Amino acid sequence: MDELEQIEKVLQKSIHTAILIKLPAGRSIPTHIDAAPHFKLYHRIHIPIITNPYCFFTVGNQQKHLKRGEMWEIDNDNQRHSVINNGADDRVHLLIDVK
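Residues numbered from 1 in each chain as written. Predicted model: local features only at pLDDT ≥ 70, side-chain atom pairs only at ≥ 80, totals over all residues. Heavy atoms only, no water.

Enquirer: Would you explain the overall build of the protein chain in this entry?
Expert: In terms of helices and strands, the protein chain carries two helices and eight strands. In the protein chain, the succession of helices and strands from N to C terminus is α-β-β-α-β-β-β-β-β-β. Taking 99 residues into account, the globule formula puts the C-alpha radius of gyration at 13 Å, and the protein chain, at 13 Å, falls close to it. Expressed along its principal axes, the backbone C-alpha trace of the protein chain runs to roughly 35 × 30 × 20 Å. By the burial criterion, 32% of the 99 residues in the protein chain qualify as buried. Here the contacts in the protein chain between residues at least 6 apart in sequence split such that 77% fall between residues at least 24 apart. For the protein chain, the exposed area adds up to about 6,400 Å²; of that, 52% sits on carbon and sulfur atoms. Between the mean site of the 12 positive side-chain charges and the mean site of the 12 negative ones, the protein chain shows a separation of 5 Å. (Helix = DSSP H or I, 4+ residues; strand = E, 2+ residues; numbered from the N terminus. Rg over C-alpha atoms; globule rule 2.2 N^0.38 Å. Buried < 20%, exposed > 50% of the residue type's maximum accessible area, 1.4 Å probe, protein only. Contact = heavy atoms within 4.5 Å. Areas by Shrake-Rupley, 256 points an atom, 1.4 Å probe, with all protein chains shown as cover. Lys, Arg positive; Asp, Glu negative; His and termini not counted. Charge placed at Lys NZ, Arg CZ, Asp CG, Glu CD.)

What follows is the structure in structure tokens.
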């Protein structure tokens, strides 16, 4: 809980949801838009916890490797996005939805 409180202080926003999500090595998440009403109210922050240089997140026309320890806000309800993990290691992100 201390870590979540520290992240909330950094963001200066209210945390609604925080989850860890794993994408196994060699797997992908196809291109999609998150259409649930939830995403109209909250912004999604990605914090890579475990990653590898062969894991890429694509939003719109931009492809990026999200490095461990960085914090990224993803426009997941307006932009098509996908993820591919071409590495030998699983990818784990902390996803935080903030208001």
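Enquirer: Would you explain the layout of surface pockets in this entry?
Expert: In this approach, a probe sized like a water molecule rolls over the atoms, and the result shows the empty space that is left. Roughly 180 Å³ of internal volume is contained in the largest pocket. Along the walls of the largest pocket sit 13 residues, with Ile29, His32, His46, His81 and Leu95 positioned nearest its centre. Listing elements by their share of the lining of the largest pocket, those giving two or more residues are strand E2 (28–32), strand E3 (43–50), strand E7 (81–85) and strand E8 (91–98). Of the residues that constitute the lining of the largest pocket, the class distribution is six nonpolar, four polar and three charged. (1 Å grid on protein atoms, 1.4 Å probe; cavity = no way out; pocket = protein on both sides within 12 Å on 5 of 7 lines; lining within 4 Å. Points joined across faces, edges and corners; volume = space filled by probe spheres on them. Nonpolar A, V, L, I, M, F, W, Y, C, P; charged D, E, K, R; others polar.)

In short, shape yes, function no, at least from these values alone.
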